[in-house]
Amino acid sequence: MASLSTSLLTAVQSLGAASGALQVTNNNIANANTPGYSRQVAILQEAASTNDGGFSVGNGVVLEGFQSIRDELVQTQIQQETQTQSGANAELASMQQIQPTFTTSSQDIGTEMSAMFSSISTLSTNPTSSADGQAVLTAGQNLATAFNTASSTLTSQQAGLNTQVGQDVSEINHITQQIAALNPQIAQLNATGQNGGTVEDQQNQLVLELSTLTSVAVTKTANGVTLTTGNGTPLVVGSGSFTLSTTTGSNGMQQVLDQNGTNVTASLTGGDLGGTIQARDKTIPGLLTQLDTLANQFGTAINAAQAKGFNQSGSAGQDFFNVPTTVAGSAAGISVAITDPSQIAASSDGTAGSNGNLANLSAVQTTTLPGGETPGNTYANLVYQVGSLTANASAESGATTASLLQLNDQLSSVSGVSIDQESANLITYQTAYEAAARVVSTIQGLFTITLSMGTAAAE
Amino acid sequence: MRVTNMVPDIQYAMQQSQQALSAALQQVSTGLRVNQPSDDPTASANMVVSLAASAGVDQYTSNISSLLPQMNTADAAISSIVTSLNTAITLGTSGATGTASASNKQDIAAQVEGVLSGIVAQANSSFQGVYVFGGTATTKPPFVAASSTFTSAQGSAGSPLAATTALTAGSITTISDATTGDTMTFKAAAGDTVATLSTAIANAVAAGTLSAGTSATINASGQLAIGTNSSSAGIVVSSNDAALGSMTATAGSQVANAYAYVGDSTVNTVQVGSAMNVASSISGGQLLTSGANVIGSLNSLITALQSGTSAQIGAATTAVSDALNHVSQQRIPLDNSMGRLNDQESYLGQETLTLTSQQTSLVGANLADAATNLSRAELVNSAVLAAAAKVVPQTLLDYLK
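Residues numbered from 1 in each chain as written. Chains lettered and ligands numbered in written order. Predicted model: local features only at pLDDT ≥ 70, side-chain atom pairs only at ≥ 80, totals over all residues.

Student: Describe the overall build of chain A, with residues and values.
Tutor: Helix and strand counts for chain A come out as 10 helices and 12 strands. Taking 2.2 N^0.38 as the reference for a compact globule, 459 residues should give roughly 23 Å; the C-alpha atoms of chain A span a radius of gyration of 38 Å, well beyond that estimate. With the C-alpha coordinates of chain A rotated into their principal frame, the extents come out at 150 × 45 × 30 Å. Relative to its full complement of 459 residues, chain A shows a buried share of 44%. Taking the intrachain contacts of chain A between residues at least 6 apart in sequence as the baseline, contacts between residues at least 24 apart amount to 70%. (Helix = DSSP H or I, 4+ residues; strand = E, 2+ residues; numbered from the N terminus. Rg over C-alpha atoms; globule rule 2.2 N^0.38 Å. Buried ≥ 20, exposed ≤ 12 C-beta atoms within 10 Å, placed from the backbone. Contact = placed C-beta atoms within 7 Å.)

See below:
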């Protein structure tokens, strides 16, 4: 038959279990708002029963330990979605800074181009007018400045992104070192059959931070995580982290090298680094090439029209624009070559009052450039591309934000701390503790009565 | 699903509703649906093309506004010339009658001289510094009193010019003949000399461009003298050749009632539509000195009145009448052009409206829709905020004692 001592032991075990559960609840409440924290639960198990006089008698509760509640699949999805979102955000941020240059204003390329052709048309009504000729020169300078400004916006944005590449690589190295440092601790916990708990939470949070920087493949093993970039370049294996480095490439841009010195720049996708490299090496150069081509072909076409006529002195028209010899850098380098209105080749026959060649200059507006479109349509296409790239990046950013919210809700439903639930648990475990304490108190009373049985009879 | 924390969802909902509110507010405040290319890339690109078209239409309208006053000036001048020619015809008719005395004819001749002078003044009309009958040469009066001889600034008795004196390559010397109404233009090539110019003049005489007798010689002062060798034939000479210096009329050589056309025979055309160009004026040479020559016919009438018979006066008057018809003929294309410009101005006004409408539909916001969107966004934002205020503070702890 069960003794009072056995019952007391059962009650004390119960007190310990309730106390442990209260500690877990306390920790959950404390970390309710800690990023990356996974709620923990106390693992309570019924103690093995004993056979007492042919009866199986329960022996209370045993606190087996604590367990963090996680959903690895959702966690992986969040990491992947974060990579996509950060990449889209990086592209969006750069496009949002580029876009105003191509937005219709009083100084954009399209407006300045129209203004130049308008000034040429005005000059045709009075080709000897110095004021009207000066207006053509001013309009030409304004257009050249608009090209210069657009090019400068693109190249300075590219330079800013180039700096960002170095910062991202430095940040990635810092985080991979921290992740690698946690691997031995996790391996040790796994070896002793314990839950990863706080250490694993910290590592998951670091992997998530790493996902904001670049696309990584995560493999979980008993020795912690193994991280590689999208193309398999190892970043973390066991306790070792493999640093990335940067070097200035032949194009003047920072190139990312793996631990073997191999250039892995083109293979880095996703995250801020992937988005930054995409914008720096593909999006902006693409726009810059189109802008340079437009400036080069437009300037060349105007110069060709100018060469068909004669200036106010009767001399053959000289170049109106200084156009760089190569397409690359044309938007940055284009400038007005002539300084005097009398050098505009308005005349078609060498007489000062003729406006015949202004028709050739005006015709550039409706003439197809070697690129296959008129100057205006070429610029309109460029505006479309800037708008489209910005809109696509914005849409992707918005979509991943919504998707991430949903995934985080999913993860939170598994791993998140509910203050209400924990409050209820607090009451539950408090009650359990109080009840166990009452059992102890009751047994103590029984002990006292039992011990005083003889004494009372003697009196 | 287990819900642990509603704050991220509430923050997202607030962000979304505030973005919608901001977008709706921007549409209402700017009246534009598209404020940047990413709002609608296709509309933005089409807007670039449409704005360029608008700028073109505005420019065509501006060109018409510049041209019409010039053409009105030309038309008014031609109208005055027509009136003057009718006056001359009346005078010639009265001079041709047998009753007119020699003295009367002299008086009438003087009156016709006045008419000629008035016509030349009209032909030298300008609008804001632009001589409307100068052809492409609009910066100087197109009709200049002619003289029989012009001499160069360069050359002196001590250092005379010679037939071998080199001319400046690329320089231009023009000789406008009041009698023929033509102009000879000589552009010196490398190696050309005064002798080359003399030969060119001789060739122009042979071709009828210049009056017979016109030649270039070195005078006693060592200067180049270009003259008609006739007191009744006048020319106007100009040169930008530094080797010759400016050419000036020799004192006392001006020929009465002789005016040379020093303008250009071609006129500029101006674009006033995507496929429409109009001549900005008509050449004074074409108007007054070519075909039925107005100045020549008036000169003949003056000469006939001064010394001719009634029959000669009558014939000269008929020639003036022919010149009047010529002028009237020349006026027709000008008037037609003015009519086309007025029509085009109306069309461009319509085109401006069409393009403005197109641009509004491309990037403009429908104000009714925008206002409705704003109201809806305000409502949604208020609802989200109200819900957040209700939900966020609620916990079980509020109910525990």
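Student: Which residues make up the interface of chain A and chain B, and what values go with them?
Tutor: Taken residue by residue, the interface counts 45 residues in chain A and 40 residues in chain B. If you list the elements that add at least two residues to the side of chain A that touches chain B, you get α3 (109-125), α8 (358-363), α9 (375-415) and α10 (419-458) of chain A. Take the side of chain A that touches chain B: its biggest share by element is 18 residues, from α9 of chain A. Considered class by class, the residues forming the side of chain A that touches chain B number 13 nonpolar, 30 polar and two charged. (Nonpolar A, V, L, I, M, F, W, Y, C, P; charged D, E, K, R; others polar.)

Student: Mind laying out the domain arrangement of chain A, listing which residues take part and the relevant values?
Tutor: All names here are of chain A. Domain assignment breaks chain A into domain 1 (4-69 + 417-458) and domain 2 (76-406). The centre of domain 1, based on its C-alpha atoms, is set 65 Å off from the matching centre of domain 2. The partner domain 2 presents nine residues to the eight residues of domain 1 that form the contact. Sorting elements by how many residues they give to the side of domain 1 that touches domain 2 places strand β4 (residues 61-68) first, with three residues. (Domains from an automatic or database assignment.)

Student: Could you give me a rundown of the domain arrangement of chain B, with the residues and numbers involved?
Tutor: Domain boundaries in chain B define domain 1 (7-56 + 351-399) and domain 2 (143-262). Computed from C-alpha atoms alone, the centre-to-centre distance between domain 1 of chain B and domain 2 of chain B is 76 Å.

Student: Before we move on, could you go through the sheet that holds strand β6 (residues 224-229) of chain A and cite the residues and values that matter?
Tutor: All names here are of chain A. Pairing within the open sheet is antiparallel, and its four strands lie in the order β5-β6-β7-β8. Either end of the sheet is taken by a strand with one partner, and the two such strands are β5 (216-221) and β8 (240-241). Taken together, the six bridges between β5 and β6 define a ladder with antiparallel strand orientation. Each residue of the ladder has a partner; that of Lys220, found in β6, is Val225. (Pairing = 2+ DSSP bridges.)

Student: Tell me about the nonpolar core, residues and numbers included.
Tutor: Ranked by size, the top nonpolar core spans 89 residues in total, and within it Phe147, Ile179, Leu291 and Val383 of chain A carry the most contacts. Here this core gets 17 residues from one element, more than from any other, and that element is helix α4 (residues 130-191) of chain A. With near-sequence residues (within four places) excluded, Ile179 of chain A lies in contact with Gln203, Leu206, Val207, Val225, Leu227 and Val236 of chain A. Counting residues in each nonpolar core, the second largest holds 84 residues, with Ala77, Val115, Ala123 and Val262 of chain B among its members. (Core = buried A, V, L, I, M, F, W, Y, C linked by C-beta atoms within 7 Å.)

Student: Can you break down the sheet that holds strand β8 (residues 224-227) of chain B residue by residue, with the values?
Tutor: All names here are of chain B. The antiparallel open sheet is built from four strands, whose spatial order is β7-β8-β4-β10. Strands at the two margins of the open sheet, each flanked by one partner only, are β7 (215-218) and β10 (247-249). Ignoring strand direction, the axes of neighbouring strands in this sheet form an average angle of 25°. With three bridges joining them, strand β4 (residues 149-152) and β10 adopt antiparallel strand pairing. The residue bridging Thr151 from the neighbouring strand is Thr248, located in β10. Docked against the sheet, helix α4 (residues 194-207) engages β7 and β8, running at close to 150° with respect to β7. (Axes fitted to C-alpha atoms, helices over the stretch in contact; angles between N-to-C directions.)

Student: Just give me the short version of the packing of helix α2 (residues 72-98) of chain A against helix α6 (residues 271-307) of chain A, but keep the residues and values in it.
Tutor: Residues and elements named next belong to chain A. Here α2 crosses α6 at 40°, and the two axes come no closer than 7 Å. In terms of their interaxial angle, α2 and α6 are classed as oblique. In the crossing of α2 with α6, the sense of the turn from one axis to the other is right-handed. Within the contact between the two elements, α2 uses Gln83, Ser86, Gly87, Ala88, Asn89, Ala90, Glu91 and Ser94 and α6 uses Gly271, Asp272, Gly274, Gly275, Thr276, Gln278, Ala279 and Thr283. When its residues are assigned to classes, the contact of α2 with α6 shows three nonpolar, 11 polar and two charged. (Parallel < 35°, antiparallel > 145°, perpendicular 65-115°, else oblique. Left-handed = near helix turned anticlockwise from the far one by under 90°.)

Student: Please give an account of the confidence of the model for chain B that cites residues and values.
Tutor: Residue and element names in this part refer to chain B. Averaged over every residue, the pLDDT of chain B is 92; residues scoring 70 or more account for 100%. Of all the helices and strands in chain B, helix α5 (residues 284-289) carries the lowest mean pLDDT, 89, while α4 carries the highest, 96. Across the whole predicted complex the pTM is 0.87, and at the interface the ipTM reaches 0.86. (pLDDT = per-residue confidence, 0-100.)

Student: Mind laying out the pairing of strand β5 (residues 172-177) of chain B, listing which residues take part and the relevant values?
Tutor: Residue and element names in this part refer to chain B. Where β5 meets strand β6 (residues 183-187), five bridges bridge the pair, whose relative direction is antiparallel. Among the inter-strand pairings, Thr174 is bridged to a residue of β6, identified as Thr185. Between the antiparallel neighbours β5 and β6 lie five residues, among them Gly181 with a positive phi of about 75°. Relative to strand β9 (residues 235-239), β5 runs antiparallel, the two sharing five bridges. If you follow Ile175 over to β9, its bridge partner there is Val237.

Student: So what's going on with the environment of Ser281 of chain B? Which residues, and what values?
Tutor: As for its placement among the helices and strands, Ser281 of chain B is situated in the loop between β13 (276-279) and α5. In contact with Ser281 of chain B, other than residues within four places in its own chain, are Gln70, Met71, Ala74, Val132, Phe133 and Val267 of chain B.

Student: Talk me through the packing of helix α3 (residues 102-123) of chain B against helix α6 (residues 294-307) of chain B; I want residue IDs and the actual numbers.
Tutor: All names here are of chain B. Their axes nearest at 8 Å, the elements α3 and α6 cross at an angle of 165°. When the axis of α3 is compared with that of α6, the two are roughly antiparallel. The two elements α3 and α6 meet at a crossing, and its hand is left-handed. Every residue of α6 that contacts α3 at Lys105, Gln106, Ile108, Ala109, Val112, Glu113, Val115, Leu116 and Ile119 is listed here: Val294, Ile295, Leu298, Leu301, Ile302, Leu305 and Gln306. Of the residues that constitute the contact of α3 with α6, the class distribution is 12 nonpolar, two polar and two charged.

Student: How would you explain unusual backbone geometry if you had to name every residue and give the values?
Tutor: Residues and elements named next belong to chain B. Positive phi outside glycine occurs at Gln128, with the angle close to 50°. Within the secondary structure, Gln128 is located in the loop between β1 (126-127) and β2 (130-131). The class of Gln128 is exposed, set by 10 C-beta atoms lying within 10 Å. With a phi angle near 60°, Asn229 is a residue other than glycine that sits in the positive phi range. Within the secondary structure, Asn229 is located in the loop between β8 and β9.

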